[in-house]
Each structure stands twice: as C-alpha cells, then as structure tokens.
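Examining the three-dimensional arrangement
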There are 2 protein chains.
Amino acid sequence: MSDTGPAPKPPIEVIAASLRAERVRAGLSLTEVARRAGLAKSTLSQLESGTGNPSLETLWALCVALGIPFSRLVAVSRPQVQVIRAGEGPAVGSEQSDYRATLLAASPPGARRDVYSVAAEPGPRRSSAPHPPGVVEHVVISAGRAVVGVADEPVELHPGDYICYPADVPHVFQALEPGTRAVLVSEHR
Amino acid sequence: MSDTGPAPKPPIEVIAASLRAERVRAGLSLTEVARRAGLAKSTLSQLESGTGNPSLETLWALCVALGIPFSRLVAVSRPQVQVIRAGEGPAVGSEQSDYRATLLAASPPGARRDVYSVAAEPGPRRSSAPHPPGVVEHVVISAGRAVVGVADEPVELHPGDYICYPADVPHVFQALEPGTRAVLVSEHR
DNA sequence: GGCATTCGTTCGTCTTGACGAACATCGTAA
DNA sequence: TTACGATGTTCGTCAAGACGAACGAATGCC
C-alpha cells in the first residue's frame, strides 16, 4: 500500500488534461505559452487535444514556461481533509524497545512519503534495518530528547531540533527521556 | 525558496542517470529491459548515454518495464545527514500574528515537499492565501492547541493530533495556547 | 461598418527519434 | 583454441513529431 508502483494511467491523456488545466489556471493563452516555451502553437494545440507523443524536450520546455515541476504533469486527483487524533491510527510497534510509530499519511500511489508520529521511551538502542535504496527520513523532535541518525554517527536532538538522514543504511532512534515524541517523514524517492 | 519552480537541471542527463541506476538496481541487462519495454536496444543504449530526446511513449514504456513511477526518472541526488537545531534555520514570519515557520528541508529539484517547524502564539486568526494548485499540507501538533485546516471548516487540534488538507484553497493556522508548536509538511505534487 | 488583433485549429514540409542489423567485447564451455 | 551466447555500442533507414504558414472565429478599436 505504500508501494511505489508506476502510475497506471494512459499518460498522454493525463498530460493533455494537465497541460490545459495548468495553462488556464495561469491565465495564459495557448499562443503565449507556446511562445514562452519556444514551441509552435500547433504542437501545443495538438498536445492539449491529446494527440501526439511529445518528446522530453518539449515537455520540459512546457514545464519551464508554465513554472510547474515536471511531476505535476503526470499527477492528478484532488485530496480531502483528514484528521487523525493522538493515539488513533495504525501503529507500528517494536519488540526491541518502547517505540511506537503511528502512520498518519500513507504514500498514495505515485507519491513518495509517509508521515509518522513517533512515541518512544528510554531503553536499549533501537536500530532499524536499512530501508529500500533512496529512502530519506526527516525527524523533528516534539518533546523529550533522543539520539537519532545513521547508526555510525547519531546525533542527540532536543525539542524543535531537526535531522535529515539517508535511511537506506542502518539507523537508530533512541529516546533519552520518558515521553519523547517526534514527527517522522519517510521519503522514498 | 519554497516555490514550485521546475527542476532547473538538464533533464536528459538526469533521466539518463536514473535509467541506468534503476536498471542496475533491478539487476537487469540493457537487452532485457529493452525487450520488456518493447524498445530497440539501440534506443535504450542511447538514452542511458545521455544522447537523444525520448518521446513520452518511450519513457512510459521504460517506467513500466522497470516498475518505477514516472517521477522517479526526474529525481536524483544522494542526501547527506543534516541537523538544524531549534531556533536555527531560515524563518518565515507573519505580520498578521505571532507565527513563525522555519524551513527545515526545502524541496530539492524534482522533489515535492518542504518540511517546516512552526511556532505560534494566540492571536487573530492567521489565514494563508492559497498555494499553487495541488499543494497538500500535513500538520502534527507538538505542543499547545491550534485551529488548523481549510478556512471554511478548520479543526481544533491537540498535541499528537494530525491533519491533512488541500492548501490550494484559503487555510488557517490559529494558535489557542502560548507556546504552540507544530511540524508542517507542505507537499506540492 | 471596417479594420486590426488575438485566439485556437488544420495542413504540408522537414527535422528527428525509434528501429533493426551489424559490430566489438567479454565470459563460458566444449 | 575454438565456438557459442550474451552484453552494450554504432550506423543507415523509415516513420513520427515539431515547425510554420494559412485558416476561420471572436473581440476590440477607430
């Protein structure tokens, strides 16, 4: 469910819709966007109508002209508001130590990050096995103290402190005070 | 700095590197990937060497063959460990009320999220103008209480509570207690 | 009304990307 | 050693995409 499978949609139509949507949203004319992107109007017209198979260069020029990140062209969907109260939500426990991570926002298909709430108590050092390659974890301490980071050189963090480290190598989270809380963003790119 | 500008890199080279990296990561030969994607070996060879300007169809076929999301092709870089102590880092203030957001992890080129630490004091309701379309914000309360969410129907949150809402519409963050702290992930997809 | 400007679409031409065969290279087994 | 299979590269051919001119339609200005 937090996989990273390829987006399953026919790409041309998605991009066609995105292009037109982004353009009108920016309040630009087709002619103007084509001019900024250095493309022929005809090319853009055909793309927005779902005809054709644009080259990377063409798509890139359009992203620059529209001022949008590349990934915007292949993403769609409109999210909802969701609230998870403290203590609710699926929790991932640990046998090694008193450590509980609650999944707040699972990575939807095509997205690349999970958001966790972490509650930990002092105990033996808890080290995580490496995650798949490319995973980065961000941790912000909410309360207490903890030693966090890659297993080789972890860092002691206090409330408000932030750390970012690659998680595809062994890494640790060890609470130093009772009631230690943190927010963890696991970003698999 | 938290803008949504397109990744400023020459895209062909980035994709070339990504393609080769993903392929060897999957333990596949160039010939095999080309076969699965229904492409000519020569095409893939040229792409991995940074030559050429692939069509969308070609790129898509490769994503499917490699089992990776489209966006993986435009993301790169290998991160370092970075620590930002409480109070450090670039802060974004607000004149409207006592609200300070510290940028912890800016979105690297091709990535899609900013991580902020938020400190706010009670005061008049602080509402943010809509962000670019597609932006989603995740908020976890560390301390205090706050009213958060879309301007129409905000939600009162307590420590440990989590909310996720679309940020391309007007939204608010209003502290209800002194010393209110939160972690905010702004995700622009 | 008449003229000008801008919009987005359609069509013919030419550049360019994808193909497939041939190639050099390496590793393995007969 | 020779033969075979698999790897990844280079080169000529062909189809497909990008271009630019021309078009009909809509709006604004004199």
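Residues numbered from 1 in each chain as written. Chains lettered and ligands numbered in written order. Predicted model: local features only at pLDDT ≥ 70, side-chain atom pairs only at ≥ 80, totals over all residues.

Across its full length, chain A holds 4 helices and 11 strands. Within chain A, buried positions represent 44% of all 189 residues. Taking contacts inside chain A between residues at least 6 apart in sequence as the whole, the part at least 24 apart equals 63%. (Helix = DSSP H or I, 4+ residues; strand = E, 2+ residues; numbered from the N terminus. Buried ≥ 20, exposed ≤ 12 C-beta atoms within 10 Å, placed from the backbone. Contact = placed C-beta atoms within 7 Å.)

The subject of this paragraph is the packing of helix H2 (residues 30-37) of chain A against helix H3 (residues 41-48) of chain A. Residue and element names in this part refer to chain A. Contact geometry for H2 and H3: axes closest at 9 Å, N-to-C directions at 115°. Our pair here, H2 against H3, has a crossing hand that is right-handed. Across the interface between the two elements, Leu-30, Thr-31, Val-33 and Ala-34 of H2 pack against Lys-41, Leu-44 and Ser-45 of H3. (Axes fitted to C-alpha atoms, helices over the stretch in contact; angles between N-to-C directions. Left-handed = near helix turned anticlockwise from the far one by under 90°.)

Let's shift gears to the protein's contact with DNA strand D. What surrounds DNA strand D is a group of 22 residues, the closest being A:Ser42, A:Asn53, B:Ser29, B:Leu30 and B:Ser42. Secondary-structure elements contributing two or more residues to the surface near DNA strand D are H3 of chain A together with helix H2 (30-37) and helix H3 (41-48) of chain B. Of all the elements, H3(B) adds the most residues to the surface near DNA strand D, at 5 residues. Broken down by class, the residue content of the surface near DNA strand D amounts to 4 nonpolar, 14 polar and 4 charged. (Near = placed C-beta within 6 Å. Nonpolar A, V, L, I, M, F, W, Y, C, P; charged D, E, K, R; others polar.)

We now examine the environment of B:Val155. Residue and element names in this part refer to chain B. Here Val-155 lies in strand E8 (residues 155-157). For Val-155, a count of 17 C-beta atoms within 10 Å translates into the label partly exposed. Each C-alpha atom of the pair Val-155 and Val-172 lies 9.7 Å from the other, and the pair is 17 residues apart in sequence.

Right, let's get into the nonpolar core. By size, the foremost hydrophobic cluster in this structure holds 50 residues, and its most contacted members are A:Ala146, A:Ala182, B:Ala146 and B:Ala182. Filtering out sequence-adjacent residues up to four positions away, A:Ala146 remains in contact with A:Ala120, A:Ile141, A:Leu157, A:Phe173, A:Gln174, A:Ala175, A:Leu176, A:Thr180 and A:Ala182. Formed by 37 residues, the second largest nonpolar core is a distinct cluster that contains A:Ala34, A:Leu73, B:Cys63 and B:Leu66. (Core = buried A, V, L, I, M, F, W, Y, C linked by C-beta atoms within 7 Å.)

Neighbouring DNA strand C are 22 residues, the closest being A:Ser29, A:Leu30, A:Ser42, B:Ser42 and B:Asn53. For the surface near DNA strand C, the secondary structure elements donating two or more residues are H2 and H3 of chain A together with H3 of chain B. Per-element accounting of the surface near DNA strand C gives the leading share, 5 residues, to H3(A). Grouping the amino acids of the surface near DNA strand C by side-chain chemistry returns 4 nonpolar, 14 polar and 4 charged.

Along the polypeptide, A:Val185 turns up in strand E11 (residues 180-188). Residue classification places A:Val185 among the buried residues on the basis of 25 C-beta atoms within 10 Å.

Right, let's get into the confidence of the model for chain A. Residues and elements named next belong to chain A. Chain-level pLDDT for chain A is 74 on average; 65% of the residues reach the 70-or-more range. Across chain A, element-level confidence peaks in H3 with a mean pLDDT of 91 and bottoms out in strand E1 (residues 82-84) with 48. Note that pLDDT drops below 50 for residues 1-8; the model gives that stretch 22 contacts with residues more than four away or on any other chain. Segment residues 76-84: pLDDT under 50, and 18 contacts once partners within four positions in sequence are set aside and those in other chains are kept. (pLDDT = per-residue confidence, 0-100.)

Right, let's get into the pairing of strand E7 (residues 146-150) of chain A. Residues and elements named next belong to chain A. The element E7 is extensively covered by neighbouring structure, given that 4 of its 5 residues are classed as buried. Of the strand pairs in this sheet, E7 and strand E10 (residues 171-175) are connected by 5 bridges, and their pairing is antiparallel. Along E10, the bridge assignment pairs Val-147 with Gln-174. Pairing of E7 with strand E8 (residues 155-157) involves 3 bridges; the strand directions are antiparallel. Residue pairing for E8: Ala-146 is matched across the bridge by Leu-157. (Pairing = 2+ DSSP bridges.)

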